[in-house]
Amino acid sequence: MASRIFNFNAGPGVLPEPVLEEAQRDLMALPGVGMSVLEISHRSKPFDEILQGCESDMRRLAGIPDNYRILFLQGGATLQFSMVPMNFLPPVGKADYVVTGAWGQKAAKEAQRLGGNIAVLAPAEKENFDRVPEPKELQLDPAAAYVHFTSNETIHGVEWPKEPNADGVPLVCDASSDIFSRPIDVSRYGLIYAGAQKNLGPSGVTLVLVRDDLLARSPKALPTLLDYNTHVKEHSLYNTPPVFGVYVIRLTMKWLLAEGGLEAMGRRNAAKAKALYDALDASGGYYKPHARPGSRSNMNVTFRLPSEDLEKRFVSETKKAGFEGLAGHRSVGGIRASIYNAFPEAGVTALVSFLEDFRRRNG
Ligand code: PMP
(Lines give C-alpha, C1' and ligand atoms only; values in the text may rest on other atoms or scores of the structure.)
Protein backbone atom coordinates (compact mmCIF):
# COMPACT_ATOMS: atom_id res chain seq x y z
CA MET A 1 0.00 0.00 0.00
CA ALA A 2 1.19 3.54 -0.69
CA SER A 3 2.48 5.18 2.47
CA ARG A 4 0.44 7.92 4.09
CA ILE A 5 1.79 11.28 5.20
CA PHE A 6 0.53 13.58 7.98
CA ASN A 7 -2.47 15.28 6.41
CA PHE A 8 -3.28 18.67 7.97
CA ASN A 9 -5.82 19.60 5.27
CA ALA A 10 -8.81 21.68 6.37
CA GLY A 11 -11.32 19.77 4.28
CA PRO A 12 -11.63 17.40 2.64
CA GLY A 13 -9.43 16.20 5.44
CA VAL A 14 -7.97 13.10 6.98
CA LEU A 15 -10.29 10.11 7.50
CA PRO A 16 -9.79 7.17 9.88
CA GLU A 17 -7.59 4.47 8.37
CA PRO A 18 -9.93 1.62 9.42
CA VAL A 19 -12.73 3.41 7.54
CA LEU A 20 -10.64 3.76 4.38
CA GLU A 21 -9.49 0.15 4.68
CA GLU A 22 -13.01 -1.21 5.02
CA ALA A 23 -14.26 0.94 2.15
CA GLN A 24 -11.37 -0.24 0.01
CA ARG A 25 -11.82 -3.89 0.95
CA ASP A 26 -15.54 -3.87 0.17
CA LEU A 27 -15.47 -1.52 -2.80
CA MET A 28 -15.57 -4.30 -5.37
CA ALA A 29 -18.41 -6.13 -3.65
CA LEU A 30 -20.23 -5.64 -0.37
CA PRO A 31 -20.10 -8.90 1.60
CA GLY A 32 -23.14 -11.03 0.80
CA VAL A 33 -24.27 -8.60 -1.90
CA GLY A 34 -21.81 -9.25 -4.72
CA MET A 35 -21.97 -5.66 -5.97
CA SER A 36 -20.23 -2.47 -5.01
CA VAL A 37 -21.98 0.09 -2.85
CA LEU A 38 -21.52 2.32 -5.91
CA GLU A 39 -23.65 0.00 -8.03
CA ILE A 40 -26.67 -0.85 -5.89
CA SER A 41 -30.05 0.85 -5.86
CA HIS A 42 -30.57 3.40 -3.15
CA ARG A 43 -33.94 1.68 -2.62
CA SER A 44 -32.41 -1.78 -2.15
CA LYS A 45 -32.26 -3.70 1.11
CA PRO A 46 -28.46 -3.44 1.43
CA PHE A 47 -28.58 0.34 1.11
CA ASP A 48 -31.50 0.53 3.50
CA GLU A 49 -29.37 -1.37 6.02
CA ILE A 50 -26.51 1.11 5.52
CA LEU A 51 -28.81 4.08 6.02
CA GLN A 52 -30.58 2.59 9.06
CA GLY A 53 -27.29 1.44 10.59
CA CYS A 54 -25.79 4.89 10.07
CA GLU A 55 -28.77 6.56 11.73
CA SER A 56 -29.00 4.23 14.69
CA ASP A 57 -25.26 4.36 15.40
CA MET A 58 -25.35 8.16 15.14
CA ARG A 59 -28.27 8.36 17.57
CA ARG A 60 -26.37 6.19 20.02
CA LEU A 61 -23.07 8.03 19.54
CA ALA A 62 -24.43 11.55 20.03
CA GLY A 63 -27.53 10.81 22.13
CA ILE A 64 -29.81 12.26 19.46
CA PRO A 65 -33.33 12.40 20.92
CA ASP A 66 -36.30 10.76 19.16
CA ASN A 67 -37.84 14.11 18.23
CA TYR A 68 -34.94 14.91 15.89
CA ARG A 69 -34.73 13.77 12.26
CA ILE A 70 -31.41 12.84 10.67
CA LEU A 71 -31.08 13.89 7.03
CA PHE A 72 -28.40 13.31 4.40
CA LEU A 73 -28.58 16.07 1.82
CA GLN A 74 -26.54 17.50 -1.05
CA GLY A 75 -25.35 21.01 -1.84
CA GLY A 76 -22.79 21.18 0.97
CA ALA A 77 -23.04 23.26 4.10
CA THR A 78 -23.32 26.21 1.71
CA LEU A 79 -26.80 25.21 0.59
CA GLN A 80 -27.82 25.14 4.25
CA PHE A 81 -26.93 28.84 4.40
CA SER A 82 -30.00 29.26 2.13
CA MET A 83 -32.23 26.40 3.23
CA VAL A 84 -32.26 27.48 6.86
CA PRO A 85 -33.76 30.95 6.17
CA MET A 86 -35.95 29.65 3.33
CA ASN A 87 -37.57 27.18 5.71
CA PHE A 88 -37.46 28.97 9.04
CA LEU A 89 -37.45 32.72 8.48
CA PRO A 90 -40.93 34.07 7.79
CA PRO A 91 -41.20 37.17 5.54
CA VAL A 92 -41.99 39.39 8.50
CA GLY A 93 -39.63 37.63 10.85
CA LYS A 94 -36.11 38.30 12.01
CA ALA A 95 -33.11 36.08 12.74
CA ASP A 96 -29.98 36.66 14.81
CA TYR A 97 -26.63 35.63 13.35
CA VAL A 98 -23.73 35.49 15.79
CA VAL A 99 -20.75 35.85 13.48
CA THR A 100 -17.33 34.74 14.67
CA GLY A 101 -15.58 34.21 11.35
CA ALA A 102 -15.76 33.93 7.58
CA TRP A 103 -18.30 31.10 7.44
CA GLY A 104 -20.81 32.71 9.74
CA GLN A 105 -20.44 35.86 7.68
CA LYS A 106 -21.29 33.94 4.52
CA ALA A 107 -24.29 32.35 6.20
CA ALA A 108 -25.59 35.77 7.27
CA LYS A 109 -25.03 37.26 3.78
CA GLU A 110 -26.96 34.43 2.19
CA ALA A 111 -29.90 34.96 4.54
CA GLN A 112 -29.80 38.68 3.69
CA ARG A 113 -29.87 37.89 -0.04
CA LEU A 114 -33.21 36.22 0.53
CA GLY A 115 -34.49 39.51 1.88
CA GLY A 116 -34.40 38.36 5.46
CA ASN A 117 -34.28 40.76 8.38
CA ILE A 118 -30.96 39.69 9.86
CA ALA A 119 -29.16 41.05 12.88
CA VAL A 120 -25.43 40.34 12.84
CA LEU A 121 -24.13 40.07 16.38
CA ALA A 122 -20.70 39.85 18.00
CA PRO A 123 -17.78 42.26 18.06
CA ALA A 124 -15.58 39.69 16.40
CA GLU A 125 -15.00 41.25 12.99
CA LYS A 126 -13.49 44.41 14.42
CA GLU A 127 -11.13 42.18 16.32
CA ASN A 128 -10.23 40.17 13.25
CA PHE A 129 -12.35 37.23 14.34
CA ASP A 130 -10.12 36.03 17.12
CA ARG A 131 -12.71 35.07 19.74
CA VAL A 132 -16.29 34.15 20.53
CA PRO A 133 -18.35 36.72 22.43
CA GLU A 134 -18.90 36.65 26.18
CA PRO A 135 -22.52 35.86 27.14
CA LYS A 136 -22.95 39.44 28.40
CA GLU A 137 -21.99 40.85 24.99
CA LEU A 138 -24.76 38.93 23.28
CA GLN A 139 -28.09 40.65 23.18
CA LEU A 140 -30.22 38.05 21.54
CA ASP A 141 -33.74 38.95 20.50
CA PRO A 142 -36.24 36.70 22.30
CA ALA A 143 -38.64 37.22 19.37
CA ALA A 144 -36.14 36.05 16.71
CA ALA A 145 -37.16 33.12 14.50
CA TYR A 146 -33.80 31.50 15.28
CA VAL A 147 -30.23 32.22 16.33
CA HIS A 148 -27.51 31.04 13.96
CA PHE A 149 -23.90 30.45 14.97
CA THR A 150 -20.86 28.56 13.71
CA SER A 151 -19.53 26.23 16.39
CA ASN A 152 -16.08 26.17 14.82
CA GLU A 153 -14.79 28.74 12.34
CA THR A 154 -12.54 26.65 10.11
CA ILE A 155 -10.62 29.56 8.57
CA HIS A 156 -10.01 31.64 11.70
CA GLY A 157 -9.62 28.72 14.09
CA VAL A 158 -12.20 30.03 16.55
CA GLU A 159 -14.39 27.52 18.37
CA TRP A 160 -17.18 28.00 20.93
CA PRO A 161 -16.26 26.15 24.12
CA LYS A 162 -19.99 25.62 24.59
CA GLU A 163 -23.03 26.65 22.56
CA PRO A 164 -24.57 30.06 23.36
CA ASN A 165 -27.68 30.15 25.48
CA ALA A 166 -30.53 31.17 23.18
CA ASP A 167 -33.17 31.19 25.91
CA GLY A 168 -35.82 29.22 24.10
CA VAL A 169 -35.19 30.66 20.63
CA PRO A 170 -34.26 27.77 18.28
CA LEU A 171 -30.50 27.52 17.98
CA VAL A 172 -29.19 26.76 14.48
CA CYS A 173 -25.58 25.64 14.23
CA ASP A 174 -23.13 25.22 11.38
CA ALA A 175 -21.02 22.43 12.89
CA SER A 176 -19.21 21.54 9.65
CA SER A 177 -15.75 21.50 11.14
CA ASP A 178 -16.28 20.20 14.66
CA ILE A 179 -19.24 17.85 14.48
CA PHE A 180 -18.76 14.80 16.70
CA SER A 181 -15.35 16.00 17.87
CA ARG A 182 -16.64 16.18 21.47
CA PRO A 183 -19.88 15.48 23.35
CA ILE A 184 -22.87 17.52 22.18
CA ASP A 185 -26.26 18.08 23.81
CA VAL A 186 -28.41 17.93 20.69
CA SER A 187 -31.54 18.78 22.68
CA ARG A 188 -30.24 22.35 23.03
CA TYR A 189 -30.46 22.88 19.26
CA GLY A 190 -33.22 23.42 16.72
CA LEU A 191 -31.08 22.42 13.76
CA ILE A 192 -27.46 21.37 13.27
CA TYR A 193 -25.85 21.04 9.86
CA ALA A 194 -22.43 19.90 8.73
CA GLY A 195 -20.75 19.24 5.42
CA ALA A 196 -19.22 15.77 5.79
CA GLN A 197 -15.73 16.37 4.50
CA LYS A 198 -13.94 17.01 7.79
CA ASN A 199 -15.07 14.70 10.56
CA LEU A 200 -17.60 12.46 8.84
CA GLY A 201 -16.66 11.27 5.36
CA PRO A 202 -16.27 12.50 1.80
CA SER A 203 -17.60 15.77 0.40
CA GLY A 204 -20.93 15.62 -1.40
CA VAL A 205 -23.09 14.78 1.58
CA THR A 206 -24.35 17.15 4.26
CA LEU A 207 -25.71 15.99 7.58
CA VAL A 208 -28.74 17.81 8.99
CA LEU A 209 -30.25 17.13 12.42
CA VAL A 210 -33.56 18.92 12.81
CA ARG A 211 -36.10 19.09 15.61
CA ASP A 212 -39.57 17.93 14.56
CA ASP A 213 -41.56 20.93 15.71
CA LEU A 214 -39.63 23.33 13.44
CA LEU A 215 -40.71 21.52 10.32
CA ALA A 216 -44.18 23.05 10.40
CA ARG A 217 -42.60 26.45 9.68
CA SER A 218 -41.54 25.72 6.09
CA PRO A 219 -43.62 27.71 3.61
CA LYS A 220 -45.71 25.64 1.19
CA ALA A 221 -44.32 27.28 -1.96
CA LEU A 222 -40.70 26.15 -1.52
CA PRO A 223 -39.09 24.16 -4.31
CA THR A 224 -39.58 20.51 -3.34
CA LEU A 225 -35.91 19.73 -2.89
CA LEU A 226 -35.30 22.77 -0.69
CA ASP A 227 -38.06 21.91 1.77
CA TYR A 228 -36.79 19.93 4.79
CA ASN A 229 -40.20 18.22 4.97
CA THR A 230 -39.54 16.48 1.65
CA HIS A 231 -36.42 14.83 3.00
CA VAL A 232 -38.03 14.01 6.33
CA LYS A 233 -41.04 12.34 4.68
CA GLU A 234 -38.85 10.37 2.28
CA HIS A 235 -36.09 9.50 4.79
CA SER A 236 -33.45 11.25 2.63
CA LEU A 237 -34.56 9.16 -0.36
CA TYR A 238 -36.72 11.65 -2.27
CA ASN A 239 -34.18 11.50 -5.08
CA THR A 240 -30.92 9.57 -5.35
CA PRO A 241 -28.92 10.38 -2.25
CA PRO A 242 -25.10 10.58 -2.16
CA VAL A 243 -24.86 6.84 -1.53
CA PHE A 244 -21.09 6.58 -1.21
CA GLY A 245 -20.98 9.48 1.23
CA VAL A 246 -23.69 7.96 3.42
CA TYR A 247 -21.83 4.64 3.33
CA VAL A 248 -18.57 6.22 4.49
CA ILE A 249 -20.37 8.13 7.26
CA ARG A 250 -21.84 4.80 8.30
CA LEU A 251 -18.32 3.38 8.65
CA THR A 252 -17.16 6.49 10.52
CA MET A 253 -20.00 6.11 13.06
CA LYS A 254 -18.90 2.54 13.71
CA TRP A 255 -15.30 3.72 14.12
CA LEU A 256 -16.27 6.51 16.55
CA LEU A 257 -18.23 4.07 18.73
CA ALA A 258 -15.35 1.59 18.70
CA GLU A 259 -12.93 4.36 19.71
CA GLY A 260 -14.98 5.05 22.84
CA GLY A 261 -17.49 7.60 21.55
CA LEU A 262 -17.57 11.37 21.85
CA GLU A 263 -16.19 11.65 25.40
CA ALA A 264 -13.06 9.79 24.34
CA MET A 265 -12.86 11.76 21.10
CA GLY A 266 -13.20 15.04 23.00
CA ARG A 267 -10.42 14.11 25.41
CA ARG A 268 -8.13 13.04 22.60
CA ASN A 269 -8.81 16.15 20.52
CA ALA A 270 -8.27 18.46 23.49
CA ALA A 271 -4.94 16.79 24.24
CA LYS A 272 -3.77 17.06 20.62
CA ALA A 273 -4.72 20.73 20.42
CA LYS A 274 -3.15 21.51 23.81
CA ALA A 275 0.16 20.03 22.73
CA LEU A 276 0.21 22.33 19.71
CA TYR A 277 -0.93 25.51 21.51
CA ASP A 278 1.55 24.82 24.34
CA ALA A 279 4.36 24.64 21.79
CA LEU A 280 3.22 27.89 20.15
CA ASP A 281 2.86 29.66 23.50
CA ALA A 282 6.29 28.49 24.60
CA SER A 283 7.98 29.99 21.53
CA GLY A 284 8.58 33.37 23.15
CA GLY A 285 6.28 35.10 20.64
CA TYR A 286 7.91 33.61 17.55
CA TYR A 287 4.71 31.75 16.76
CA LYS A 288 1.57 33.81 17.44
CA PRO A 289 -1.68 31.86 17.78
CA HIS A 290 -4.51 33.75 16.09
CA ALA A 291 -7.39 32.92 18.44
CA ARG A 292 -7.46 34.07 22.03
CA PRO A 293 -7.38 31.49 24.85
CA GLY A 294 -10.92 30.38 25.60
CA SER A 295 -11.88 30.59 21.92
CA ARG A 296 -9.10 28.48 20.45
CA SER A 297 -10.21 25.73 18.14
CA ASN A 298 -9.33 22.13 18.90
CA MET A 299 -9.81 21.37 15.20
CA ASN A 300 -8.02 24.16 13.31
CA VAL A 301 -4.95 25.60 15.03
CA THR A 302 -4.16 28.93 13.32
CA PHE A 303 -1.01 30.96 13.90
CA ARG A 304 1.43 33.41 12.35
CA LEU A 305 5.19 33.61 12.08
CA PRO A 306 7.23 36.85 12.33
CA SER A 307 6.96 37.48 8.55
CA GLU A 308 5.21 36.24 5.43
CA ASP A 309 8.57 35.17 4.01
CA LEU A 310 9.12 32.94 7.01
CA GLU A 311 5.60 31.57 6.62
CA LYS A 312 6.35 30.66 3.00
CA ARG A 313 9.57 28.97 4.03
CA PHE A 314 7.75 27.19 6.85
CA VAL A 315 5.10 25.75 4.52
CA SER A 316 7.64 24.67 1.95
CA GLU A 317 9.80 22.95 4.58
CA THR A 318 6.81 21.17 6.12
CA LYS A 319 6.10 19.64 2.73
CA LYS A 320 9.64 18.33 2.58
CA ALA A 321 9.20 16.96 6.11
CA GLY A 322 6.17 14.96 4.96
CA PHE A 323 3.34 17.21 6.19
CA GLU A 324 0.59 18.41 3.89
CA GLY A 325 -2.01 21.17 4.16
CA LEU A 326 -0.43 23.63 6.60
CA ALA A 327 -0.84 26.84 4.60
CA GLY A 328 -3.54 29.07 6.08
CA HIS A 329 -6.69 29.81 4.10
CA ARG A 330 -6.01 32.06 1.10
CA SER A 331 -8.16 34.81 2.63
CA VAL A 332 -6.18 35.18 5.88
CA GLY A 333 -2.73 33.69 5.27
CA GLY A 334 -0.56 32.37 8.06
CA ILE A 335 -0.46 28.73 9.08
CA ARG A 336 -3.34 26.42 9.88
CA ALA A 337 -2.97 22.92 11.27
CA SER A 338 -6.26 21.04 10.97
CA ILE A 339 -6.29 18.14 13.37
CA TYR A 340 -9.68 16.48 12.99
CA ASN A 341 -10.86 13.33 14.79
CA ALA A 342 -8.87 11.01 12.55
CA PHE A 343 -5.63 13.00 12.77
CA PRO A 344 -3.10 10.90 14.72
CA GLU A 345 -1.31 12.00 17.91
CA ALA A 346 1.97 11.05 16.24
CA GLY A 347 1.39 13.77 13.63
CA VAL A 348 0.98 16.37 16.38
CA THR A 349 4.17 15.21 18.09
CA ALA A 350 5.99 15.42 14.76
CA LEU A 351 4.72 18.95 14.11
CA VAL A 352 5.70 20.07 17.63
CA SER A 353 9.29 18.90 17.00
CA PHE A 354 9.25 20.59 13.63
CA LEU A 355 8.06 23.87 15.19
CA GLU A 356 10.94 23.83 17.65
CA ASP A 357 13.49 22.89 15.05
CA PHE A 358 12.30 25.52 12.55
CA ARG A 359 12.41 28.26 15.17
CA ARG A 360 15.94 27.27 16.21
CA ARG A 361 17.10 27.49 12.61
CA ASN A 362 15.14 30.65 11.69
CA GLY A 363 14.74 32.50 14.98
N1 PMP B 1 -19.14 26.11 7.06
C2 PMP B 1 -17.93 25.79 7.56
C3 PMP B 1 -17.66 26.01 9.02
C4 PMP B 1 -16.94 25.28 6.71
O5 PMP B 1 -15.73 24.98 7.20
C6 PMP B 1 -17.24 25.09 5.34
C7 PMP B 1 -16.25 24.50 4.36
N8 PMP B 1 -14.97 24.47 4.68
C9 PMP B 1 -18.50 25.44 4.88
C10 PMP B 1 -19.43 25.92 5.77
C11 PMP B 1 -18.88 25.26 3.44
O12 PMP B 1 -19.06 23.90 3.23
P13 PMP B 1 -19.33 23.24 1.82
O14 PMP B 1 -18.08 23.37 1.03
O15 PMP B 1 -19.69 21.82 2.19
O16 PMP B 1 -20.48 23.96 1.19
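Undergrad: Even after reading the chapter, I still don't get the sheet that holds strand β10 (residues 206-211), so can you show me in this structure?
TA: The pairing of strands in a sheet comes from backbone hydrogen bonds and takes either a parallel or an antiparallel form. If you walk across this open sheet you meet the 7 strands as β2-β10-β9-β8-β5-β3-β4, and the pairing is mixed. Bordering the open sheet on either side are β2 (68-73) and β4 (117-121), each of which pairs with just one other strand. The average undirected angle you get between the axes of adjacent strands in this sheet is 15°. Relative to β4, strand β3 (residues 94-98) runs parallel, the two being bridged by 5 bridges. Across the sheet, the residue bridging to Lys-94 is Asn-117, located in β4. Helix α4 (residues 102-113) contacts β3, β4, β5 (147-150), β8 (171-174) and β9 (191-195) of the sheet and is inclined by roughly 160° relative to β4.

Undergrad: It is not clear to me how the domain arrangement of the protein should be interpreted in this structure. Could you clarify?
TA: Often, the extent of an interface is quoted as the loss of accessible area upon association of its parts. What the domain assignment reports for the protein is domain 1 (17-258) and domain 2 (262-362). The C-alpha-based centres of domain 1 and domain 2 are spaced at 27 Å. In this assembly, domain 1 packs against domain 2 so that about 2100 Å² is buried in total across both faces, 55% of it on carbon and sulfur atoms. Contact with domain 2 buries surface across domain 1, with Asp-130, Ile-155 and Glu-159 losing the most and accounting together for 24% of the total. Taken together, domain 1 and domain 2 are joined by 1 salt bridge. Between the two partners, domain 1 and domain 2, sit 15 residue pairs in polar contact (both at pLDDT 80 or more). Secondary structure elements with two or more residues in the side of domain 1 that touches domain 2: α2 (45-62), β6 (152-153), β7 (158-159) and α6 (243-258). Partitioned by chemical class, the residues of the side of domain 1 that touches domain 2 number 13 nonpolar, 8 polar and 8 charged.

Undergrad: Even after reading the chapter, I still don't get the site of the ligand, so can you show me in this structure?
TA: Around the ligand sit 13 residues, and of these Thr-78, Thr-154, Asp-174, Gln-197 and Lys-198 come closest. Take Asp-174: an N or O atom from its side chain is 2.6 Å from a nitrogen atom of the ligand. Between the ligand and Lys-198 there is a distance of 2.8 Å, counted from a nitrogen atom to a side-chain nitrogen or oxygen. Isolated, the ligand exposes 400 Å² of accessible area, and the fraction of that covered by the protein chains is 84%. A per-element tally of the shell around the ligand places helix α3 (residues 76-88) first, with 4 residues. Grouping the constituent residues of the shell around the ligand by class yields 3 nonpolar, 8 polar and 2 charged.

About the cut-offs
Residues numbered from 1 in each chain as written. Predicted model: local features only at pLDDT ≥ 70, side-chain atom pairs only at ≥ 80, totals over all residues. Heavy atoms only, no water. Pairing = 2+ DSSP bridges. Helix = DSSP H or I, 4+ residues; strand = E, 2+ residues; numbered from the N terminus. Axes fitted to C-alpha atoms, helices over the stretch in contact; angles between N-to-C directions. Contact = heavy atoms within 4.5 Å. Domains from an automatic or database assignment. Buried area = accessible area lost by both parts, 1.4 Å probe. Salt bridge = Lys/Arg side-chain N within 4 Å of Asp/Glu carboxyl O. Polar contact = N/O pair within 3.5 Å; in protein donor to acceptor, adjacent residues only side chain to side chain. Nonpolar A, V, L, I, M, F, W, Y, C, P; charged D, E, K, R; others polar. Near = heavy atom within 4 Å. Areas by Shrake-Rupley, 256 points an atom, 1.4 Å probe, with all protein chains shown as cover.

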